[in-house]
Amino acid sequence: MTTMVLSGNEACVEGALRSGVRFFAGYPITPSSEIAEEMARRLPALGGKFIQMEDELASMAAVVGASLAGLKAMTATSGPGFSLMQENIGMAVMLEAPCVVVNVQRAGPSTGWATWPAQGDVMAARWGTHGDHPAIVLTPWSVKESFELTVRAVNLAERLRTPVILLSDAIIGRLREKVDLPPSVPVVDRPRPAMAPDHYRPYAGGPDGVPPMADFGTGYRWYATTTTHNERGYPVGVDAAAAEGLLKRLHSKIHDHQDEVVLTEGRWLEDSEVVVVAYGSVARSALAAVKQARSRGLKAGLLRLVTLWPFPSQLISQVAQRIRGLLVAEMNMGQMVEKVREASCGASEVWSVARFNGQYLMPEQILDKLEEVRRAWR
Amino acid sequence: MKLKEVSKEELYRCSYGCAGCASVLALRLTLKVLGENSVFVVPAGCISTVSAYYPQAPFFVPMTVMAFAATAAALSGISAGFKRRGREDIHVVGFAGDGGTADIGIQALSGAIDCGYKFIYICYDNEAYMNTGIQRSGLTPYGATTTTTPGRCFENRPKKDMLRIVADHGIPYAATACISYPLDFMRKVEKASKINGPTYIQVLVPCPTGWGFAPDRAIELGRMAVESGMWNLLEFENGEFHTTYTPRHKRPVAEYFEAQTRFRQLSPEQVEAIQREIDSRGAPGSS
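As the structure is a computational prediction, the values presented were derived from the model and not from experiment. (Residues numbered from 1 in each chain as written. Chains lettered and ligands numbered in written order. Predicted model: local features only at pLDDT ≥ 70, side-chain atom pairs only at ≥ 80, totals over all residues. Heavy atoms only, no water.)

Student: Could you give an account of the overall build of chain B, with specific residues and numbers?
Tutor: Looking only at helices and strands, one finds eleven helices and eight strands in chain B. A compact globule built from 287 residues should have a C-alpha radius of gyration of about 19 Å, and chain B, at 18 Å, falls within 12% of that. In terms of principal-axis extent, the alpha carbons of chain B reach across some 60 × 45 × 40 Å. Counting only residues that meet the buried cut, chain B has 55% of its 287 residues in that class. (Helix = DSSP H or I, 4+ residues; strand = E, 2+ residues; numbered from the N terminus. Rg over C-alpha atoms; globule rule 2.2 N^0.38 Å. Buried < 20%, exposed > 50% of the residue type's maximum accessible area, 1.4 Å probe, protein only.)

What follows is the structure in structure tokens.
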């Protein structure tokens, strides 16, 4: 165990390098630039490759390229850059190119309030790129978790052959905390073909829906294609069943592994009347608020979403049936609250406490809202 | 244009630029030439950052901040709009940094020159992404360190020759300038403003924060860049390049490098090689 004082951005680099990331392509943007800078400094010594690209379209495209070449690849950006990456994120989904995209969120829309913190990109992370596509989005609440979730993101990307988005924010990215780093981390490599090149079907899912991936340049001739394709990687033409099968497999390979993908943390869920749902940096405030509320005799709990997407609908629905109210705390105009409302499906009341002025959502504000809920229930 | 003819009116003032910021100076001088009958498009970069802190509003002309990649495309749109309204008297000016021009913005610039509408595109070249913390750009010169080309991993690619790139588009007018030669720069802006088509000016603006020198030395550094041959004052007009200023005394490039911190990891042999490369250069525009 090594103890270090790191920022969230630095912890992210640490996690990436230890889980085998050896390629980084990026473009400067605050508050994510430290990730690129640290990668530029450290990757060469590990035999890895850092490239500063001419923009974020190129960064994401280079990451997909490096992934096809067989490397574990990553990029990092913030709001405007994340928008520019979206088309190529969709390409990575369709190509099934494993990669990790870190978005250190800042207040938007557009250039926005550079570079104050926000959680405004939670829906962009889910639906930023067009078409029906699955998404895995993880969101850390501490420096330590920035490290852990980066490792997890890299491993999930490789395991399921999909882009994984790590949704950090300006607070977590720049926060410095003491972290105990383990001597080693679990490292997962993408499935690679066991069959001879002649028998290789690049998009045949296998038992768990994830096709083995042949690195380019290893004798396997295959089309990595963004066009709707069949198992061989050729356009489906008029074959509707093949088109439907592809989309279903792209989704099911992730949804069938929910136990590996969907992470949440609950506190006092068993004896709560009201549960605060929070994620990322705001969950820190939420925990403090819940503790204070309990000391005032209010039966409050915390449900922290570590994985935002796929959304833990089932868990929310179960919790909603046991309690009286859910309070969603977030630093945007209320984005996840709608998803929580949908999952609770009328089983409990759903309240929102949202802050979207670039200021941190403080424990007092969440506590005030909890008191408001209590008063409403009297 | 003579010094005494230069307007005393300041149409850009009270910005949040760093002490000794030459980019701010370039903008002030540009507006002294063009006057208030102009509109600006500014992408992400130093100028949009230092111009947008409440309550300061340094631009005394209309300005729009545009997506990083899109400065020149927006210029085409504004210029076409003015043409439609019969207001071609208004100067349509893009003011973008080196990264915003040579990296993320180069596609839009290429497209806009091809479109052919009337605009002045000014690239304020401080040779890296200074606003986000000094990361290299396509216009960072060979040998310089930045936060993404640190220490011995210094920038190992030559500075993109944007003047030749735009010239090869068949642009009616393009020029390079340096803030240390203000009259030369302002004459070029004036010339560009009178051309009915796309124009491009790239002005070297030494950056105390990013290059590593005292804030009162920006003008001196710019002069050293020109005198050492690291930067040349050129024009491209009627399909030909010519030099607008030739320094009387040549200065060894080593002196220019020693005056700032970003080149200090270069060995004497590497500096010598750069000197040889400068000495072997032909006439402007030749390959």
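Student: Could you give an account of the pairing of strand β4 (residues 119–125) of chain B, naming the residues involved and the relevant values?
Tutor: All names here are of chain B. Along β4, seven of the seven residues are buried, which leaves the element largely enclosed by surrounding structure. Where burial is concerned, the two faces of β4 agree: the one with F119, Y121, C123 and D125 and the one with I120, I122 and Y124 are both buried. Pairing of strand β3 (residues 91–97) with β4 involves five bridges; the strand directions are parallel. Looking at β4, one finds that A96 is bridged to C123. Sheet topology places β4 next to strand β6 (residues 198–204); seven bridges connect them, and they run parallel. The partner of C123 across the bridge, within β6, is Q202. (Pairing = 2+ DSSP bridges.)

Student: Now, about the side chain of R161(A): what can you tell me, with residues and values included?
Tutor: All names here are of chain A. Assignment of secondary structure puts R161 in the loop between α6 (143–160) and β7 (163–169). Although R161 lies buried, it forms no salt bridge, and the closest oppositely charged side chain, E96, sits 4.8 Å away as judged by the N-O distance. At 2.8 Å, the side chain of R161 and the backbone oxygen of E96 are in polar contact. (Lys, Arg positive; Asp, Glu negative; His and termini not counted. Salt bridge = Lys/Arg side-chain N within 4 Å of Asp/Glu carboxyl O. Polar contact = N/O pair within 3.5 Å; in protein donor to acceptor, adjacent residues only side chain to side chain.)

Student: Please set out the environment of G143(B) residue by residue, giving values where relevant.
Tutor: All names here are of chain B. Tracing the backbone through its elements, the reader meets G143 in the loop between β4 and α6 (162–167). G143 sits 14 residues away from R157 along the chain, and the two C-alpha atoms are 8.2 Å apart. With sequence-adjacent residues up to four places away left out, G143 is seen in contact with F154, E155, R262, F263, Q265 and L266. (Contact = heavy atoms within 4.5 Å.)

Student: I'd like a description of the interface of chain A and chain B, backed by residues and values.
Tutor: Taken together, the 16 residues of chain A in the interface contact 15 residues of chain B. When the two sides are added together, the surface that chain A and chain B hide from each other amounts to roughly 1,100 Å², 60% of it contributed by carbon and sulfur. Of all residues in chain A, Y27(A), E37(A) and Q52(A) bury the most surface against chain B, accounting for 42% of the area lost on that side. For the interface between chain A and chain B, the tally reads zero salt bridges. Seen at the junction of chain A and chain B, the total is six residue pairs in polar contact (both at pLDDT 80 or more). Listed by contribution, the elements that provide at least two residues to the side of chain A that touches chain B are α2 (33–42) and β3 (49–52) of chain A. If you tally residues by element for the side of chain A that touches chain B, the top one is α2(A), at four residues. Residue classes in the side of chain A that touches chain B are distributed as seven nonpolar, four polar and five charged. (Buried area = accessible area lost by both parts, 1.4 Å probe. Nonpolar A, V, L, I, M, F, W, Y, C, P; charged D, E, K, R; others polar.)

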